[in-house]
Amino acid sequence: MKATFIYHKGNQRMEKFYKNLLNKPDFCKICEDCYNCRGDWTYKDDVRAVVLEAVDEDEFIEDASDYIPELPEGDVAVAQLHEDLLYELPNMLAKKNYKLLIVPSETPSDLSIAMRNSLKEMCEKNGMDFENPKPFCALKKRHERKVLNEFINYFKIGFPQVEIKSSDGHKIDDVKVIISAPCGETYYISKRIKGKIINELKDEIANAHHNYPCLGSMEYDKELEDTMLHEAGYITLDAVKKALLPYKCKNKFCGRCGIFGQNSL
């Protein structure tokens, strides 16, 4: 599978999504005791970046071809662009045999609801699928959405999924990342919670979520009725909770179990 990331210069969020899949040695330099928890994998042969010149969001763009160069052929496009350019993008992608357009929202202004509806309609007319995850780590597999599901399975990014091992049901012995948040945060979270007591995880995850840091905006989003950063935090907590279900304690008086405290899973 081939994916193309299309964004304007200076878009650090999209750049991080793209570079997460390259997984170069210098991508993550947060921990002083780095032991390469991410591993030595890379998708450098399967992802490309098309970086456009920055454009003022209030500028009117009449001809998208003046700004968007010839696109490489591919299967999935991940794009954040000026809305005048986004409007023309499905037609351009269809000519290059793309099957899915993903426009992630990390701030409330990344994509208007009206444009989201227009893009979905235009993608359908071109025989393409469309998805607008808010935030990007909310991207989930969907029933009968073949290309979307293949994208998540192939690149292993989207709604986080981890496997947790615990020998006593109270302390985390090991964590394996199955699906990472597109920014790569899940690897850092997994390292931070390894060796921790289960009922102490909430604060540990919250601190790690801010220290990575999460790319979600702290602007209030009317549709989510919360901020993107908070929504991403809930998603992270939910992923860990699901991984801990096999260790749910049946003793309701046990104070050592549960990610949020006593028997809370």
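Throughout what follows, the structure given in this document is the object of discussion. Everything quoted here is computed from the prediction, not taken from an experiment. (Residues numbered from 1 in each chain as written. Predicted model: local features only at pLDDT ≥ 70, side-chain atom pairs only at ≥ 80, totals over all residues. Heavy atoms only, no water.)

Section: the packing of aromatic side chains
This model, assessed by the stated rule, comprises nine aromatic pairs. Taking 4.9 Å as the distance between ring centres and 85 degrees as the angle between the ring planes, the aromatic pair formed by F17 and F136 counts as edge-to-face. Here F17, found in helix α1 (residues 12-22), pairs with F136, found in the loop between β5 (129-131) and α4 (146-155); they are 119 residues apart in sequence, far enough to count as distant. Comparing F17 with F136 shows no difference in burial state: the two are buried. By way of ring pairs, the aromatic residues W41, Y43, F151, Y154, F155 and Y187 are connected into one cluster. A cation over an aromatic ring shows up here: K140 above the ring of F159, its NZ or CZ 4.6 Å from the ring centre. (Phe/Tyr/Trp six-rings, centres within 6.5 Å; stacked < 30°, edge-to-face > 60°. Helix = DSSP H or I, 4+ residues; strand = E, 2+ residues; numbered from the N terminus. Buried < 20%, exposed > 50% of the residue type's maximum accessible area, 1.4 Å probe, protein only. Lys NZ or Arg CZ within 6 Å of the ring centre and 35° of its normal.)

Let's talk about unusual backbone geometry
Residue K134 is joined to P135 through a cis peptide bond whose omega torsion reads -10 degrees. With respect to the secondary-structure elements, P135 resides in the loop between β5 and α4. A cis geometry characterises the amide bond from Y212 onward to P213, with omega recorded as 0 degrees. Assignment of secondary structure puts P213 in the loop between α6 (201-211) and β8 (220-221). The residue N97 is not glycine, and still its phi comes out positive at about 70 degrees. Along the polypeptide, N97 turns up in the loop between α2 (83-94) and β4 (100-102). Here E225, not a glycine, exhibits a phi torsion of approximately 60 degrees, which is positive. Positionally, E225 belongs in the loop between β8 and β9 (226-227).

Any functional reading would require information that these geometric values do not contain.
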